[in-house]
Each structure stands twice: as C-alpha cells, then as structure tokens.
Amino acid sequence: MSSSSSSPQVITCKAAVAWGSGEALVMEEVQVSPPHSMEIRIKVVSTSLCRSDLAAWESHAIFPRIFGHEASGIVESVGEGVTEFKEGDHVLTVFIGECKACRPCTSGKSNICQVLGLERKGLMHSDQTTRFSVKGKPVYHYCAVSSFSEYTVVHSGCAVKVSPQVPLEKVCLLSCGVAAGLGAAWNVANVTEGSTVVIFGLGTVGLSVAQGAKLRGASRIIGVDNNPQKCEKAKAFGFTEVVDPSSYQEPIAQVIKRITDGGADFSFECVGNTDVITTALQSCCDGWGLTVTLGVPKAKPEMSAHYGLLLMGRTLKGSLFGGWKPKSDLPLLVEKYVNKEIQIDDYITHNLPFDDINRAFDLMKEGKCLRCVIHMPR
C-alpha cells in the first residue's frame, strides 16, 4: 500500500464505487494511479457526506464513479513539479482550486478559477483522464476529489496544507459545507450588524450561514424548513426564530414579509430548489434586499421571477464555496476554528466507519443528519 518517494507506484485500495443512479455504493478493490505532473496522491483520513454528493448520486450522472469531496488526509506522494507539498503533509481537499495566475484568481473579485474550476466531467483537470480503475476499466472522479476511497489523486491546486495539530476529522467540514455557509454570510452578502436575515433550508450550509450572520451581529435570524427535527435544533446555531411553511395557509414569502415589516434585509437559499430561490427573493425587502443562492438543484435548473422584484431594488447573487479562495483563505478559517472563533464540531451528528458509508446516505436521505463523518481505516 505504500510507495517510494522517487517513483510512486499504482496503489490498490478500497473505494466505495457508485455503479448507477441511486444504487448502493459497492466496496471495490480499485487501482489508484501515481500522481501526474502537479498532482498529489492523498491517503484519506476523514471525509464527510455533503448533500451535493447525494444529489449527484441520485441524478443520471456519469457512472461508475467515486463520490466524496469534503475531506482531509495526508500526502502519500507528489508528482513532478510539485514544490508546495511533501509526503506526510496534512491537507484539506477542495472542489474548486486556485491557480493564482488566471484572470479571476488575480482579479481580487472572484474565487472561480479558470484553470481549476468546478470539474463536471468526472476527469482530472490536467489531462481529462481518470486516476481510478477497477479491473482495468476507468472509474470516474467527482468534483476532481473523490474522497470515498482510501487513496485519491488531486491537483496540487485543489489541496490546502494544514497544521498536523489540527484534528482532521473535524476540519474536513471546511472543505465545503461550513465554509460555504460562513462565506455566503461574510463575503457574498456582507451581513451587517442589526440586520434581519432569513435562511431557507436548515442543513449544514443553512446553519453555517446562521453562524456567520450571528457573528456579524444580525438582530433577527429566521429559519425556514419543513423538517420538525431540524427546526428543533436550529436555535442552538444562532436562529432567533424558526418558521415551518406547512403551518401556514398563506405563502411563506408573505409570512416573512409580514413578520419583518416588509421583508428581510438578507435572504439565503440553501435548499437546492429554484422555486425556493424565487421565494427567497420575494421574502427580502424592497430597495436593498439581497438574496444569495447557495443550493445546487437536482432538477429544474431554470428559475423564474417577476421583473418587478428586481426593479424595486432587490439583488440576487450566487455563491460558490462562499466566495473563499481556497489556498488564500482556508488557512484563516482553520485558524479561527483553532482559536474557537467559529464552531464546527456541533455540525457532526454521526461518526461512521468507511464500511458503513451507505448508512450515511440513508441518514441524509431521511433528513436525520447534518454531517456524517466517515473515518477511513488507519
């Protein structure tokens, strides 16, 4: 299972392979190629299930595939040209990279790297091939990470070094969900002190938006969800009140406008439903109301809204990974966690061994978890 630093070899290890839409993952012996130029191979330590993994698994995406993108691990080997990492480094994986050279990376205005942006084809950025195979047949990647495997290969621009003292089983959540929510509140919306915030969807991302809004001094943080279990837990994360749409006969946007004297200052869509984007836009106030959408819809990617909502001064913005530039910004978030300035631990509702990964999918489908952290064999 190990390899020489001078010439890394193919590794055979266990991976949870998805062979078809919605089918239970199968533990397979997979071959993991050595890292190519500017790539690193990582021994995955911890990985958590994100709702976007679930959405892609349920869709008619590319198969066979190894999902997982919210992860931490230890560098096992490095490819040609890699100087930033060495064997033994502790790292977080990230689903969008930062090359630090393209127009968006150097603009100071965006985190959407042109070179290492969101990968949708199930291939590596560098050469559009895979690093996984089962019995000689290629297995596709997910978001250029594929952490539901004991070992994985990522571009060196899609990993962030962290201190060996940082608990990898906790900070893996900063690879996606928690960082995405905090960044939406801080970077994208820039929530202001004393403001009113409404958040649609009380999963990990929505709860992380609430944490960010609370730390910015928002006076009211209203959660909207139709899952009673989630509503019960929400106040521990900073919500001042929670609304269940099924408890009202009138549209929920009208409820929000009524209880906020005309609409929220900021609204966040964290569901992954384009109809909810419209509702969130309707729920913020005229003049300066700002809606941020973070969810990834499983179906109906097109949204519609009356032009009057925008004409009256509302703004709609999208947010990918909370606007964070992974290499530049994630170390600061890790430091905030170490200094107890932000909370991560309370989002972890379940800890499961790798062999129980299908249970994590079941728990998320049933709405019974926030984050399930999957622990790889040592």
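Keep in mind that this is a model prediction, so the values were computed, not measured.

Points about unusual backbone geometry
Between Phe63 and the following residue, Pro64, the backbone shows a cis peptide bond with an omega angle of -5°. Counting through the fold element by element, Pro64 comes out in the loop between helix 1 (51–58) and strand 4 (70–78). The phi dihedral of Lys135 falls on the positive side, at around 50°, and the residue is not glycine. Structurally, Lys135 can be placed in the loop between strand 6 (132–134) and strand 7 (137–139).

Examining the side chain of Thr93
Along the chain, the position of Thr93 falls in strand 5 (residues 90–93). With relative accessibility at 2%, the residue Thr93 sits in the buried group. Looking at Thr93, its side chain comes within polar contact range of the main-chain oxygen of His69, at 3.2 Å. Setting aside residues up to four positions removed in sequence, Thr93 forms contacts with Ile42, His69, Glu70, Ala71, Val145, Val154, Cys158, Ala159 and Ser175.

A closer look at helix 10 (residues 326–338)
Residues three or four positions apart in an α-helix share a direction because the helix packs 3.6 residues into each turn. Taking 1.5 Å of rise per residue, 13 residues should cover 18 Å, and helix 10 covers 18 Å from first to last C-alpha, within 8% of that figure. Residues of helix 10 that are buried in the fold lie against strand 5, strand 9 (159–162), helix 3 (168–171) and helix 4 (177–188). Directly beyond the C-terminal end of helix 10, a positive phi value near 60° is found at Lys340.

What about the sheet that holds strand 11 (residues 220–224)?
With respect to topology, six strands assemble into an open sheet ordered 12-11-10-13-14-15, the strand pairing being parallel. Edge positions in the sheet fall to strand 12 (241–243) and strand 15 (315–318), since each has one partner strand and no second. Within this sheet the neighbouring strands show an average axis-to-axis angle of 20°, counted without direction. Most of the contacts of helix 5 (residues 204–215) go to strand 10 (residues 196–200), to which it runs at about 170°, and overall it touches strand 10, strand 11 and strand 13 (266–269).

Here's the deal with the environment of Tyr347
Locating Tyr347 in the fold gives a position in the loop between helix 10 and strand 16 (348–353). Judged by its relative accessible area of 0%, Tyr347 is buried. Sequence-distant contacts of Tyr347, defined by excluding residues within four places in its chain, comprise Leu173, Val178, Thr204, Leu207, Ser208, Gln211, Phe237, Leu370 and Arg371.

Topic: the packing of aromatic side chains
Summed over all chains, the structure comprises seven aromatic pairs. Between Phe67 and Tyr142, the aromatic rings sit 5.0 Å apart at their centres with planes inclined by 65°, giving edge-to-face as the arrangement. Linking Phe67 in the loop between helix 1 and strand 4 with Tyr142 in the loop between strand 7 and strand 8 (151–155), this pair joins segments that are 75 residues apart in sequence. Assigned by exposure class, Phe67 and Tyr142 land together as buried. Judged by centre distance (6.2 Å) and plane angle (90°), the rings of Trp186 and Trp324 are edge-to-face.

Quick notes on a nonpolar patch on the surface
A cluster of nonpolar side chains, Met303, Leu310 and Leu316, forms an exposed patch at the surface whose accessible area comes to about 230 Å². Relative to the elements of secondary structure, Leu316 occurs in strand 15.

Observations concerning helix 11 (residues 357–365)
Along helix 11, the residues that are buried comprise Ile357, Ala360, Phe361, Leu363 and Met364. Angular distribution of buried residues about the axis of helix 11 spans 165°; they occupy a single face of the element. For helix 11, the elements touching its buried residues are strand 1 (11–17), strand 2 (26–32), helix 1, strand 16 and strand 17 (371–375). Following helix 11 by one or two positions, Gly367 adopts a phi angle in the positive range, close to 70°.

Re the nonpolar core
Of all hydrophobic cores here, the largest spans 97 residues; its most connected members are Phe148, Leu174, Val191, Ile199, Phe268, Leu330 and Leu333. In terms of residues, this core owes the most to one element, helix 4, which gives seven residues. Those residues in contact with Phe268 that lie beyond four places of it in its chain are Ala184, Ala185, Ala189, Val191, Val197, Val198, Ile199, Phe200, Val209, Val292 and Leu294. With 11 residues, the next largest nonpolar core counts Ile252, Ile256, Ala264 and Val276 among its residues.

Digging into the UniProt feature "domain: Alcohol dehydrogenase-like C-terminal" (unreviewed entry) in the chain
The feature "domain: Alcohol dehydrogenase-like C-terminal" (unreviewed entry), as annotated in UniProt, sits at residues 205–332 in this numbering. The span residues 205–332 is 38% helical and 16% strand by assignment, and the distance between its end C-alpha atoms comes to 19 Å.

A look at the pattern of salt bridges
Considering all chains together, one arrives at 15 salt bridges under this definition. Across the salt bridge formed by Arg131 and Glu39, the nearest N and O atoms sit 2.8 Å from each other. Of the two residues, Arg131 is situated in the loop between helix 2 (103–107) and strand 6 and Glu39 in strand 3 (residues 39–48); the sequence distance between them amounts to 92 residues. Residue Glu39 is classed as buried on the basis of its relative accessible area of 0%. Across the pair Asp127 and Arg131 runs a salt bridge, and its minimum N-O distance is 3.1 Å. Assessed through its relative accessible area of 31%, Asp127 is described here as partly exposed. Classification of Arg131 as buried rests on a relative accessible area of 1%.

Things to note about the pairing of strand 8
Of all five residues in strand 8, five are buried; the element is thus mostly enclosed. Side chains Tyr151, Val153 and His155 project from strand 8 onto one buried face, and the interleaved Thr152 and Val154 project onto a second face that is buried too. Judged from the five bridges that link them, strand 3 and strand 8 form a sheet pairing that is antiparallel. Bridged to Glu39 within strand 8 is His155.

About the criteria used
Residues numbered from 1 in each chain as written. Predicted model: local features only at pLDDT ≥ 70, side-chain atom pairs only at ≥ 80, totals over all residues. Heavy atoms only, no water. Helix = DSSP H or I, 4+ residues; strand = E, 2+ residues; numbered from the N terminus. Buried < 20%, exposed > 50% of the residue type's maximum accessible area, 1.4 Å probe, protein only. Polar contact = N/O pair within 3.5 Å; in protein donor to acceptor, adjacent residues only side chain to side chain. Contact = heavy atoms within 4.5 Å. Expected span 1.5 Å × (residues − 1). Pairing = 2+ DSSP bridges. Axes fitted to C-alpha atoms, helices over the stretch in contact; angles between N-to-C directions. Phe/Tyr/Trp six-rings, centres within 6.5 Å; stacked < 30°, edge-to-face > 60°. Patch = residues over 30% accessible without salt bridge, like charges linked within 9 Å, V, L, I, M, F, W, Y side chains within 5 Å. Areas by Shrake-Rupley, 256 points an atom, 1.4 Å probe, with all protein chains shown as cover. Salt bridge = Lys/Arg side-chain N within 4 Å of Asp/Glu carboxyl O. Arc of directions from axis to C-beta. Core = buried A, V, L, I, M, F, W, Y, C linked by side-chain atoms within 4.5 Å. UniProt positions renumbered as here; feature names shortened; annotations may be inferred.

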